[in-house]
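# Descriptive analysis of the structure
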Amino acid sequence: MTIFRLQCIIGIIFLFSCSPERKIPYREPWTKKDFCKANTARFAFYLSKKSKETIRLINLARINGPLFVKTYYIPYLINSEVMAGKNDTAVLLKKPYYGGLYTDLNMNKKLSLVKPSFSLHLSASFHAITSGLSGYAGHDRPLRFEVRMRVFNLFINNYGENCDYGNKYPLDAVMSLLIDEGEPTVGHRRNILNKNFRRLGCSFKWHRRYGHNYVQDFSSGSLFQRVFKKKDLN
């Protein structure tokens, strides 16, 4: 492959990764304090605006699941025509994955905020770029997931990964992973709402087959962070 062709491919990836933003809107009755507190990635210079917004959205779901249902999940389902109106919960509960998320979020106790990790971001970006170029969907090429975690994130022993394909905007990508339709174990949802996960790296990139792909890498933190975890609460 010539240098010119490589430059063209990198340019295409960059253009697709910099698509127009859709910020997560502030909605009452969230307090401005909690909404701002959920934005733990605001100073993570290495993350795109889209990635920062996904971290904010994930944190809102973690710190107050019932309020997240009222302010983001139900409006999203109405806009997607899954629900006819905000009181149509009886129909929603008959839909296994949609109703399951509704139940899980309403039972969700306050979880710690996840904070951005540069090493996890490198892992997620590497996987998103290589998957996009090859058209691959999964966790284990060109490096097995476990190997990649060891390469990019030394001294961690509790980690997980989510991959989403075809969704261009933060809200759509996160909701897709939370609903997790078609995944019997709802493993993507379980990663996002895992009380042990405290660090997150994520990346939106171009994908040859699906147009867009989004990778999330979670961990319980490095050895140093786990030792001093009492100082790392919200």
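Just so we're clear, the structure is a prediction, and the values are computed from it rather than from any experiment. (Residues numbered from 1 in each chain as written. Predicted model: local features only at pLDDT ≥ 70, side-chain atom pairs only at ≥ 80, totals over all residues. Heavy atoms only, no water.)

### Some thoughts on the packing of aromatic side chains
Going through the model one piece at a time under the given rule, you end up with 9 aromatic pairs. Between the aromatic rings of F68 and Y72, the centroid separation amounts to 5.7 Å while the plane-to-plane angle is 35°, which identifies the pairing as tilted. Of this pair, F68 and Y72 both sit in helix α4 (residues 65-79), 4 residues apart, roughly one helical turn. For F68, a relative accessible area of 0% puts it in the buried group. Taken together, a centroid distance of 5.7 Å and an interplanar angle of 45° make the contact between F126 and F152 tilted. Of this pair, F126 sits in helix α7 (residues 118-134) while F152 sits in helix α8 (residues 145-152), placing them 26 residues apart in sequence. Note on F126: relative accessible area 28%, which makes it partly exposed. The structure contains a cluster of three or more aromatic residues connected by ring pairs, namely F45, Y46 and F118. One Lys or Arg, K32, reaches over the ring of Y26 and ends 5.0 Å from the middle of that ring. Looking at R56, its charged tip hangs above the ring of F35, at a distance of 4.2 Å from the centre. (Phe/Tyr/Trp six-rings, centres within 6.5 Å; stacked < 30°, edge-to-face > 60°. Helix = DSSP H or I, 4+ residues; strand = E, 2+ residues; numbered from the N terminus. Buried < 20%, exposed > 50% of the residue type's maximum accessible area, 1.4 Å probe, protein only. Lys NZ or Arg CZ within 6 Å of the ring centre and 35° of its normal.)

### Observations regarding α8
All of the buried residues in α8 are F145, R148 and M149. Across the axial projection of α8, the buried residues extend over an arc of 100°, all falling on one side. Buried positions along α8 lie against α7, β2 (159-165) and β4 (211-219). (Arc of directions from axis to C-beta. Contact = heavy atoms within 4.5 Å.)

### A look at the sheet that holds β2
Whether parallel or antiparallel, the strands of a sheet pair through hydrogen bonds between backbone atoms. The strand order across the open sheet formed by 4 strands is β1-β3-β4-β2, and the pairing between neighbours is mixed. Of all strands in the sheet, those with a lone pairing partner are β1 (115-116) and β2, marking the two edges. Across 2 bridges, the pairing between β1 and strand β3 (residues 199-207) is parallel. From the neighbouring strand, P116 faces β3, where its bridge partner is L200. Where helix α3 (residues 49-63) meets the sheet, its contacts fall on β1, β3 and β4, and the angle it forms with β3 comes to roughly 135°. Those strands touched by α7 are β1, β2, β3 and β4, and its axis lies near 20° from that of β3. (Pairing = 2+ DSSP bridges. Axes fitted to C-alpha atoms, helices over the stretch in contact; angles between N-to-C directions.)

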